[in-house]
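Now for the letters of each chain:
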Amino acid sequence: MRRTGNRVLRSGAEGNPVRIFHKTLIVSSQGEARLAALANPDQLIVVRRGRNRSAVFACPCGCRDVLVLNLDRAAGPAWRLRFRRGGPALMPSIWRTTGCKSHFIVWDGRIWWCGLAPNETENFPKDVVKALKVWWDAIP
Ligand SMILES: [Zn+2]
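Throughout what follows, the structure given in this document is the object of discussion. Note that the structure is a prediction, hence the values are computed from the model and not measured.

Regarding the environment of G109
Tracing the backbone shows G109 in the loop between strand 8 (103-107) and strand 9 (110-113). Considered as a pair, G109 and F83 are 26 residues apart in the sequence and their alpha carbons are 8.4 Å apart.

Next up, the structure:
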């Protein structure tokens, strides 16, 4: 166990992933996205102007930082955002180098924590790992 925030989320789910993105909101400015993320931690906000620019959401550990991920390849290294049946998916994983240092994957609208203690790895079912690999390999 690393952090209280993560522990609360994990233990509350009894080994299941925590579903946090109940809704996706599309806005046109990052300021608007930040406000929405703070007000609704269960929303993934996409800033779209012509094309997707960034994904904005409250850090799922509960630290109340707002994360902004670039989705625009023209602006530099970018995450891939897809909408699968269960909800939004982002690749690659999000690994914060500052603040809470959380490391997780967003897949099917859920947060999947990475780097857990060995007895917690069952949190990440094999079929999801397989699906992630297929999906990852398909990215040009
Ligand atoms: Zn955090």
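Here we look at the sheet that holds strand 4 (residues 51-58)
Ordered by their spatial adjacency, four strands build an open sheet running 2-3-4-5, and the pairing between neighbours is mixed. Whereas interior strands pair on both sides, the edge strands pair on one side only; in this sheet they are strand 2 (23-27) and strand 5 (66-70). Across the sheet, the mean angle from the axis of one strand to that of its neighbour is 25 degrees, orientation sign disregarded. Here five bridges tie strand 3 (residues 43-49) to strand 4, and the two strands are oriented antiparallel to one another. Considered in strand 4, the bridge of V47 is made with S54. Of the strands in this sheet, strand 2, strand 3, strand 4 and strand 5 are in contact with helix 2 (residues 30-39), which crosses strand 4 at around 30 degrees.

Comments concerning the nonpolar core
Nonpolar side chains in soluble globular proteins tend to end up buried together. Counting 23 residues, the largest nonpolar core has A37, L44, I45, A55, V56, F57 and V106 as its most contacted members. Of all elements in the fold, only helix 2, strand 3, strand 4, strand 7 (87-95), strand 8 and strand 9 reach the threshold of two or more residues within this core. Those residues within four positions of V106 in sequence are excluded, and the remaining contacts are P88, A89, L90 and I111.

What about the pairing of strand 3?
Note: strand 2 against strand 3, five bridges, orientation parallel. Note that in strand 3 the partner of K23 across the bridge is Q43. Handedness of the crossover is the feature at issue here: the chain leaves strand 2, passes through helix 2, returns alongside strand 3, and the resulting connection is right-handed. Here strand 3 hands over to strand 4 after one residue, with G50 in that stretch at a positive phi of 80 degrees.

Concerning unusual backbone geometry
At the junction of M91 and P92, the peptide bond is cis and its omega measures out at 0 degrees in the coordinates. Here P92 lies in strand 7. For R64, which is not a glycine, the phi torsion comes out positive at approximately 75 degrees. By the element assignment, R64 lies in the loop between strand 4 and strand 5. The exposure class of R64 is partly exposed, given the 13 C-beta atoms found within 10 Å. Positive phi, close to 60 degrees, is recorded for K101, a residue that is not glycine. Considering the arrangement of structural elements, one finds K101 in the loop between strand 7 and strand 8. On the basis of neighbour counts, which here come to 13 C-beta atoms within 10 Å, the residue K101 falls in the partly exposed class.

Basis of the calculations
- Residues numbered from 1 in each chain as written.
- Predicted model: local features only at pLDDT ≥ 70, side-chain atom pairs only at ≥ 80, totals over all residues.
- Helix = DSSP H or I, 4+ residues; strand = E, 2+ residues; numbered from the N terminus.
- Pairing = 2+ DSSP bridges.
- Axes fitted to C-alpha atoms, helices over the stretch in contact; angles between N-to-C directions.
- Contact = placed C-beta atoms within 7 Å.
- Core = buried A, V, L, I, M, F, W, Y, C linked by C-beta atoms within 7 Å.
- Buried ≥ 20, exposed ≤ 12 C-beta atoms within 10 Å, placed from the backbone.
- Right-handed = clockwise from strand over helix to strand, strands pointing away.

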